[in-house]
Amino acid sequence: MGSSKLPVLLLPHPLILLPTARLTLPISRSLADAILSLLDDSDAVLAAIPLPAPDSPSEITYGTAARIARLVRPRNQSSPTQPYLLSLHGVERIRFPSPIQIDQLDILPIHNVVYSSSDGIPSRDTVEAFKHAALVLLDRLAKDSLQPQRKDDWLRVAAIVEDISEQRAAWMADVLVAAVSSQYPDRLAFLAATDVEDRLRRATELFVKQSSIQEVSKKIASAVDESFSRQQKEYFLRQQLAAIQRELHSLQSSPASVGPGFGTGGATSELDDDDQADADDLADLRRKIEALNVNSEERKVGVREWRRLKRIPQGSVENGVIRSYLEWLTSMPWPSNSTTTPIDVLKDPSFLTRARAQLDADHYGLDQIKRRLMEYLAVVRLRAIADTAQTQAQGDTPSTDASLGVIPTPSKKSKGVKGPILLFVGPPGTGKTSLGQSIAKALGRPFQRISLGGVRDEAEIRGHRRTYVASGPGSIVQALRKAGRNDPVILLDEVDKVGHSNFHGDPAAALLEVLDPEQNHSFNDHYINVPVDLSQVLFICTSNTLDTISAPLLDRCEVVELSGYTYDEKLHIAKRFLLPKQINANGLSDSQLMLTDDALLHVATMYTREAGVRSLERAIGAVVRFKAVEWAEWLDKENDAARGEGDAKRNENGNEKQDGNTNETVVGNEWRATVEPHELEKILGIPRWDGEERDREEKRGVVYGLVVTGMGEGGILPVESTALPGTGRLKLTGSLGDVIKESGEIALSWVKTHAFELGITAGRGVDPLKVPDVIDVHLHLPAGAQKKDGPSAGIAMICAFVSLLSGACVPKDIAMTGEITLRGRVTPVGGIRMKVLGAHRAQIRKVILPWANRKDVEHDVALEVRREMQFFFVRTIDEALEAAFGRGALGWRKETVLLESRL
């Protein structure tokens, strides 16, 4: 590649000059004067570079070396409006060693350029693909050309392409791409292709794309011409088809008088008599409408639409629309045709016991959720027993004669127990969706799942109005139809990812009526347009966070948090659910594979780091598949040995080789089913988590705080501080938000105020950052690529500053969280359960928390975790410092009051 300096001309967007192409563009007078000075040289060459699009980066790295072919002056040189015309001829691709920026179009700056090398020879396959795509495009252009001369030109170019050599293929690609009209990004990408192989490949893709565009454009043009005649043909053919079907029906219904094989003598099929099947469907629709409750809204609407259906001709479009509506209306679980849980099941004394056993069998832990569901099931059972007793009492009461003037009061039908609206909030993989299925099994109800992730249209919830083409009911009505009952368990999955208000409506607002127990007894779907009772439906919503859920929608839900599992819970889940599931899925049995508790714990701690168990299940699945491969190979070897293949010498050599490459899982001829922790690295590779949280160090200015990640996973994060010469300022780094930066400033202000009491300074009112030496304090939170914000790092920042300025160190097995105030108070923070679990995983033994979060620890943290950790609940910063550094470690100066005696 050669390099030189060339004047740079910026081509207006969207002009692009390719090598071998010619381009004419208007230029200003000042630019023309600059170019005239270049024409004095015998070799007037400049660099023509395309102007980037307005929405793309303004840096330019490539262009075309162009020779000035012509510069035409305007006829009236005194007129400033008439521009000069400049003609350029592309010579060769160039690139700039470093990106350049040009803001003005009327200048010719000089820049270093590098000429791209085009000496390479492309492969034969690439050239053949290029020729094929080029010939197809040229043939299409020749066929679509209206001018004979233009058609002959394309055919001559095609003949040249057929005979082109491999060395000249790249040149021909430049010629064709410049001649064919294509989009600006495609031409720009082709210009940037300096490699010959890449250039031909891009040209091939561009030709294939352009051929498709030409073909589609031709089809659209021909389809528009035929659209009017097609409608007339369709109407005529439909009339003929109806007449033929009537004649065939009359022949089939007549006696078979023309001999065997004709009339009704042949074999029949349910697909032959379409008219009879259609009549049966209509009769079925009528029976369903008649089965609806008299004077009910759904029956009135069904009768009205049925009468409209009978008046409209069968071949019309409106007939199909009304018929589809009636099919949806009659397939809904209305009170007349819906079934509920049998009363005998609810009255069974073992109903609650079986339900609790079902929940325990499907999920480990989750006691709070199970307790809430058992409360609901107990209310359902008691309500059903009370309604049955009331009905029997009314049946035993003797009827009163109406002639005596007493009219018996009809008994009111029980509305049942309104289902709660539960909202499961937690990180992914904590069992929110599967818990809904387990609830449906325990209740003996059908289960339907509705995924709300990415829903942006209100009509997907409420349905489309019947005025639109291809309209249909919403997802709620579709779930009721699939369930076939008016009391199913409906899971609204990912409710936090519903789209917000836009021109399609607000799906979140449409859910307000669905999830309101006081309103959903008359839910109105836009398509059905009949009130639907959803009060007996048990709605379960799942979400990963509460931040994106609107406040009115959140107010209608009963929030139940699933914060994540401890390692002990993960171990039980893996043994009871995940490992048997993977063993069964991979064709093994329990006797052929067994993972020890230490191995499962090693997988959970060193290969997965999440609140849920999805990654744990994938890791266990990888172990099981690895053992499945070894089991299959071991069986093959056993079968070969049993058949006695090969002579004894070959068997001896094979045994010697096998002894040299002994597998840890096969000892001799015996299969070893147990997987130990030291074997996991061979199966799963190097652990993803090497336990850096446990390799902590006790160092001045370093304190460990508790954090919660975006997915709800808790952990510890070191708060590092250091002193350096400066001007007494505070520097904060680590992708910190505004709130956490303010916490750092509050912490330093408090430390400065109480520096004398802490023994940092020798007198009151002395700034520890300026006496004895002027220093800056740099506070850093590692993992700088992750955004961090929130007030919960206040205690950790104060302890870091005190440790840095006083020289005392905080033990490495202590972690803390809490918000601070300038008055020295410690206020509560959120995410306590996730933070405590993260500290437990990192083998933290002492945790400092705000006093107001004591109830969160006692209510949410498991007892086995609390037994292994020591908690310090503090109200003030003084108590936090004493808990962190230890009693007497800081040498507090007691405040003494000096009294001056005057007589």
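Values in this document were obtained by computation on a predicted structure and should not be read as measured data.

How each quantity is defined
Residues numbered from 1 in each chain as written. Predicted model: local features only at pLDDT ≥ 70, side-chain atom pairs only at ≥ 80, totals over all residues. Heavy atoms only, no water. Pairing = 2+ DSSP bridges. Helix = DSSP H or I, 4+ residues; strand = E, 2+ residues; numbered from the N terminus. Axes fitted to C-alpha atoms, helices over the stretch in contact; angles between N-to-C directions. Contact = heavy atoms within 4.5 Å. Parallel < 35°, antiparallel > 145°, perpendicular 65-115°, else oblique. Left-handed = near helix turned anticlockwise from the far one by under 90°. Phe/Tyr/Trp six-rings, centres within 6.5 Å; stacked < 30°, edge-to-face > 60°. Buried < 20%, exposed > 50% of the residue type's maximum accessible area, 1.4 Å probe, protein only. Salt bridge = Lys/Arg side-chain N within 4 Å of Asp/Glu carboxyl O. pLDDT = per-residue confidence, 0-100.

Some remarks on the sheet that holds strand β21 (residues 775-780)
Then, in step 1: Read from one edge of the open sheet, seven strands run β20-β21-β19-β18-β22-β25-β26, paired in mixed fashion. At either margin of the open sheet sits one strand with a lone partner, and together these are β20 (730-733) and β26 (870-874). Pairwise comparison of adjacent strand axes, ignoring direction, gives a mean angle of 30° for this sheet.
Then, in step 2: Pairing between strand β18 (residues 702-708) and strand β19 (residues 714-725): seven bridges, direction antiparallel. Along β19, the bridge assignment pairs L706 with I716.
Then, in step 3: Those strands touched by helix α24 (residues 794-806) are β18, β19, β20, β21, β22 (814-816) and β26, and its axis lies near 35° from that of β19.

A few points about the sheet that holds strand β9 (residues 489-493)
Then, in step 1: Strands sit in the order β8-β9-β12-β7-β13 across an open sheet of five strands; the sheet is parallel. In this open sheet, the two strands that pair with only one neighbour each are β8 (447-451) and β13 (558-561). For this sheet the average axis-to-axis angle between neighbouring strands, irrespective of direction, equals 20°.
Then, in step 2: Relative to β13, strand β7 (residues 421-425) runs parallel, the two being bridged by four bridges. Bridge pairing in β13 links F424 to V560.
Then, in step 3: Packing of helix α15 (residues 475-483) onto the sheet brings it into contact with β8, β9 and β12 (538-543), and relative to β8 it is tilted by some 160°.

Comments concerning the packing of helix α2 (residues 124-144) against helix α4 (residues 169-179)
Then, in step 1: The geometry of α2 relative to α4 is characterised by a closest axis approach of 11 Å and an angle of 30° between their N-to-C directions. Judged by the angle between their axes, α2 and α4 are roughly parallel. Handedness of the α2/α4 crossing: left-handed. From α2, V127, F130, A134 and L138 reach across to α4, where they touch A169, M172, A173 and L176.

Side note on the packing of aromatic side chains
Then, in step 1: With the rule as written, the count across this model stands at four aromatic pairs.
Then, in step 2: Ring geometry for Y325 against Y527: centres 5.7 Å apart, planes inclined by 65°, an arrangement best described as edge-to-face. Here Y325, found in helix α9 (residues 317-331), pairs with Y527, found in the loop between β10 (523-524) and β11 (531-532); they are 202 residues apart in sequence, far enough to count as distant. Across the pair, Y527 and Y325 agree in class, each one buried.
Then, in step 3: Between F871 and F873, the aromatic rings sit 6.1 Å apart at their centres with planes inclined by 15°, giving stacked as the arrangement.

Re the side chain of T876
Then, in step 1: Relative to the helices and strands, T876 is located in the loop between β26 and α28 (877-885).
Then, in step 2: Overall, the relative accessible area of 18% leaves T876 in the buried class.
Then, in step 3: Among residues more than four places away in sequence, those in contact with T876 are G824, R825 and V826.

Describing the pattern of salt bridges
Then, in step 1: Taken as a whole and assessed by the stated rule, the structure comprises 33 salt bridges.
Then, in step 2: Notably, a salt bridge pairs E197 with R201, separated by 3.9 Å at the nearest N-O pair. Of this pair, E197 and R201 both sit in helix α6 (residues 196-253), separated by four residues, roughly a single helical turn.
Then, in step 3: Given a relative accessible area of 39%, R201 falls into the partly exposed group.

Looking at the confidence of the model for the chain
Then, in step 1: Scored by pLDDT, the chain has a mean of 80; 84% of the residues are at 70 or more.
Then, in step 2: For the chain, the element scoring lowest by mean pLDDT is strand β15 (residues 666-667), at 49; strand β25 (residues 846-850) scores highest, at 95.
Then, in step 3: In the predicted structure, residues 657-664 sits below a pLDDT of 50 and forms seven contacts with residues beyond four places in sequence or in another chain.
Then, in step 4: Counting contacts from residues 896-901, a segment whose pLDDT is below 50, to residues more than four positions away or on other chains yields zero contacts.

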